[in-house]
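Residue-level structure breakdown
Given next are the chains, with one letter for each unit.
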Amino acid sequence: MAVIELQEVSKLYGFGDATTLALDEVDLHIETGEFVAIMGPSGSGKTTLLNIIGLLDKPTHGEYVLDTRYVSRLRSGQQARARRDKIGFVFQSANLLPRLNVLENVALPLAYKGTLPVRRLKLASDMLERVGLRDKEYFYPKHLSGGQIQRVAIARALINNPTIIIADEPTGNLDSGNSKIVMELLSEIHRSGNTVVMVTHNPELTRYANRLLYMHDGTIVGDEKTKLGEVAKGIKNVYFTDESSVEEHLAHGVATIMREVPPKELSSKKPKLPKAQTKKPRTRKRSYKRSKK
Amino acid sequence: MIISDYKMALASIRSARWRSSLTMLGIIIGISSVVTIASLGEGLKKQVSEQINQLGGNVLTIRSGNVVSKNSDGSVASVNPLALFSASTLTDQDVASIQKLDGVSAVAPMSLITNSIGYEDREMNNVYVVSSTPDLNVVLQDKVNFGAFFIPEDTNENYAVIGTSIAEELFGGVNPVGQTFTISGTNFLVRGVHEPFQAGVLSTIGIDLNYSIIIPPATGKRISENRAQIAQILVQVSDQKRLDVVLLELQHELRTNHKGQNNFTILKQEELANVSDDIINAATAVISGIAAISLIVGGIGIMNTLLVSVSERTREIGIRKAVGATNRQILRQFLMEGLVLSLVGGVVGIALAVAGNFLLRIYTDFRPVITPSIILIALGTAVTIGVIFAVMPALQAARKHPIEALRNE
Ligand SMILES: Nc1ncnc2c1ncn2[C@@H]1O[C@H](COP(=O)(O)OP(=O)(O)OP(=O)(O)O)[C@@H](O)[C@H]1O
Ligand SMILES: [Mg+2]
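Residues numbered from 1 in each chain as written. Chains lettered and ligands numbered in written order. Predicted model: local features only at pLDDT ≥ 70, side-chain atom pairs only at ≥ 80, totals over all residues. Heavy atoms only, no water.

Turning to the overall build of chain B, a few remarks are in order. Looking only at helices and strands, chain B features twelve helices and 14 strands. When the 409 residues of chain B are sorted by exposure, 47% land in the buried category. In chain B, once contacts between residues fewer than 6 apart in sequence are set aside, the share between residues at least 24 apart is 79%. About 19200 Å² of surface is accessible on chain B, with carbon and sulfur atoms providing 58% of the total. (Helix = DSSP H or I, 4+ residues; strand = E, 2+ residues; numbered from the N terminus. Buried < 20%, exposed > 50% of the residue type's maximum accessible area, 1.4 Å probe, protein only. Contact = heavy atoms within 4.5 Å. Areas by Shrake-Rupley, 256 points an atom, 1.4 Å probe, with all protein chains shown as cover.)

All right, on to the sheet that holds strand 10 (residues 219-225) of chain A then. Residues and elements named next belong to chain A. Ordered in space as 6-7-8-3-9-10, the six strands form an open sheet in which the pairing is mixed. With one partner strand each, in any of the chains shown, strand 6 (87-90) and strand 10 form the two edges of the open sheet. Mean inter-strand twist for the sheet, computed between neighbouring axes without regard to direction, equals 20 degrees. Inspection of the sheet shows strand 9 (residues 211-216) paired to strand 10 by six bridges, in the antiparallel sense. Counterpart to histidine 216 in the pairing with strand 10 is threonine 219. Strands in contact with helix 1 (residues 46-53) are strand 3 (35-39), strand 6, strand 7 (164-168), strand 8 (195-199) and strand 9; relative to strand 7, the strand with the most contacts, it is inclined by about 155 degrees. Across the face of the sheet, helix 5 (residues 146-158) comes into contact with strand 6 and strand 7 while running at roughly 170 degrees to strand 6. (Pairing = 2+ DSSP bridges. Axes fitted to C-alpha atoms, helices over the stretch in contact; angles between N-to-C directions.)

Before going further, it helps to examine the confidence of the model for chain A. Mean pLDDT over chain A stands at 81; residues scoring 70 or higher make up 80%. Mean pLDDT across the secondary structure elements of chain A bottoms out at helix 10 (residues 263-269) of chain A, with 45, and peaks at strand 8 of chain A, with 95. (pLDDT = per-residue confidence, 0-100.)

Attention shifts here to helix 4 (residues 117-130) of chain A. Residues and elements named next belong to chain A. Taking 1.5 Å per residue as the helical rise, helix 4 with its 14 residues ought to reach 20 Å, and the 20 Å between its terminal C-alpha atoms agrees with that figure. Buried within helix 4 are the following residues: Arg120, Ala124, Ser125, Met127 and Leu128. Axial view of helix 4: buried residues confined to an arc of 165 degrees, hence all on one face. Away from the buried face of helix 4 by more than 90 degrees, exposed residues Val118 and Arg119 are located. (Expected span 1.5 Å × (residues − 1). Arc of directions from axis to C-beta.)

Here we come to the site of ligand 1. Ligand 1 sits among 14 residues. The nearest are Ser42, Gly43, Lys46, Thr47 and Thr48 of chain A. Chain contributions to the surroundings of ligand 1 come from chains A and B. Measuring from an oxygen atom of ligand 1, one finds a backbone N or O atom of glycine 45 of chain A at 3.1 Å. A distance of 2.6 Å is found between an oxygen atom of ligand 1 and a side-chain nitrogen or oxygen belonging to threonine 47 of chain A. Summarising the interface, the protein chains cover 70% of the accessible area of ligand 1, which totals 630 Å² for the free molecule. If you list the elements that add at least two residues to the shell around ligand 1, you get strand 2 (20-31) and helix 1 of chain A. (Near = heavy atom within 4 Å. Polar contact = N/O pair within 3.5 Å; in protein donor to acceptor, adjacent residues only side chain to side chain.)

Taken together, the contact pairs 26 residues of chain B with 24 residues of chain A. Interface area for chain B against chain A, summed over the two sides, is near 2100 Å², with a carbon-plus-sulfur share of 61%. The three residues of chain B that bury the most area against chain A are Ile319, Val323 and Ile403 of chain B, which together make up 24% of that side's buried surface. Linking chain B with chain A are one salt bridge. Where arginine 99 of chain A meets glutamate 316 of chain B, a salt bridge forms, and the shortest distance between an N and an O atom there is 3.0 Å. (Buried area = accessible area lost by both parts, 1.4 Å probe. Salt bridge = Lys/Arg side-chain N within 4 Å of Asp/Glu carboxyl O.)

All right, on to unusual backbone geometry then. Residue and element names in this part refer to chain A. Positive phi values are uncommon outside glycine, yet glutamate 169 reaches one of about 45 degrees. The residue glutamate 169 is located in the loop between strand 7 and helix 6 (176-191) in this model. One non-glycine residue, aspartate 217, lies in positive phi territory at about 50 degrees. Residue position: aspartate 217 is located in the loop between strand 9 and strand 10. In this structure aspartate 217 comes out as partly exposed when scored by relative accessible area, which is 34%.

Here it is in structure tokens:
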């Protein structure tokens, strides 16, 4: 059964001439226990999609069913509570509150749930054990490495036993060693039954996912099942046809390469993606009308 | 939830220590000045009531003229200061008829004879030479420290009972009893010295007993060549429960003496106290009101600090919302910060006022008193100000859109 179900979800930013269509009638089902990687060029709507899935934002049009509940029209209080109970966030950077120590940071979501302080800190401590940072409980974020900060953020995302973990470029600021540690942790969480949705610019990391979405101009143009432990084949075809080695790409940061490639060129290569036929990219500047079934 | 709000607030206040302390300064100054003023007023009231208790609640004061007008319920409506300057309407006949009344245990008429005395080649001009009967000693509850009060047989002797301040100034270390000094060129013998009386900021019997010389009645008449008038009569009632009955009889008796005119005033000690309490309360309220303006300035300081804090911590607000904080919870967090700032400021302000109280007691004649109700009102005011001025910044924080807030690094 789908834990996440987006029905023709669109997101518009701005007014009048400055309107941007960040998401364009996106349909998406994500099953419990999936590890979904989302890729795509900068500005293609990945973060917007995550924000809507994570209940940080509301779709302009369309419906969102989370855990069988229609959540696209919730009032902000209900939205916050649903977010607290169902979603765990890991951002690219500055995840932690600098004034709270590691333990308090991990316990923060429980505070908003009304869990008693003693129990809160106990649970947080257990969770830190799970991410291997128990000995850093009383450290402040400024005394942790980037990788450790991300692991604390993962611990915090897990503390409420959420339905989905949402990670927006969780390794975007990390070197390859730390990236690996963080990804292994996410992978372990996935193996223990959690649903993970992650945006990344690094094709290497698709080896931890069992499904890859490729976004372009606010639509999902590619959706493929991938094998755990292997870099997605379609991605390999698209991005690694030139001479340079995978290692070089990693060294330069794939993200920069992807930003350098103009979107047009990318879409011309798109047919090479195995399941890219779901939706053809359309010309943007059309007037938007809500299509109701 | 409240407790963790409080802890979070404390943590963020501590992390901006300097800014927080400067912010609190406004509240600290405001609260400490309001508390000090209120405690001065309270102290003044206490001093007055102590003076009144020195005489005892069973003493009635009769003054010439209609000093105060009263409402129908007996409360004082207005004070009539002109009455103090007219010739006295009180007579020896009044004294005699009061003495005959049932339930009256002592009657002490007091006449002001002069203000200056001489000793050797010196003069003192700031004293009260008062003639009265030995009954005054009864009314004052025998406060003679050295020597003795004069007795009825001494009525025409040149004897004097002097206040402790006069004793110090005239005779220094020497035992004053048996010494002589002059009033209007006549030699007087010191018979007794009063013990120190509460230094009265407002004296209920109209004179400062520490600077008074009490002489016998006939002597007073002789010295003043019969020009002395009875300024007031102190009447002690033997049974305080019968005070009101005696008061009515007194009123009736005096009115008969005065041919049906109400040109005299009978005051209970508590009424004297009420009059002065009213005056003190009004003055305290006015001055505290002025001091309270600094509290508003302090409140604006809190608002300013919180506004800065909200914009600095936009990312934090975003993260809190991402992990499930509702708008209301964010609102409460910032309200709590305002509250903690003002509460800490209030507590420090009160502590400062307490310290100031000690200094005032040591270096001045004031005897300020900080009562629990002053502290409660001060804390209540501080808290109210903190919360009110935190509302705007807190709303601003609560209404931030999570996405916008998260975009802020
Ligand atoms: N608050 C906003 N106001 C206006 N336009 C916005 C806003 N947020 C996003 N957009 C626009 O929506 C589009 C999608 O943005 P989004 O952040 O989802 O891209 P992304 O795929 O996450 O890009 P990146 O890989 O750079 O993170 C972009 O064109 C962006 O300019
Ligand atoms: Mg993004």
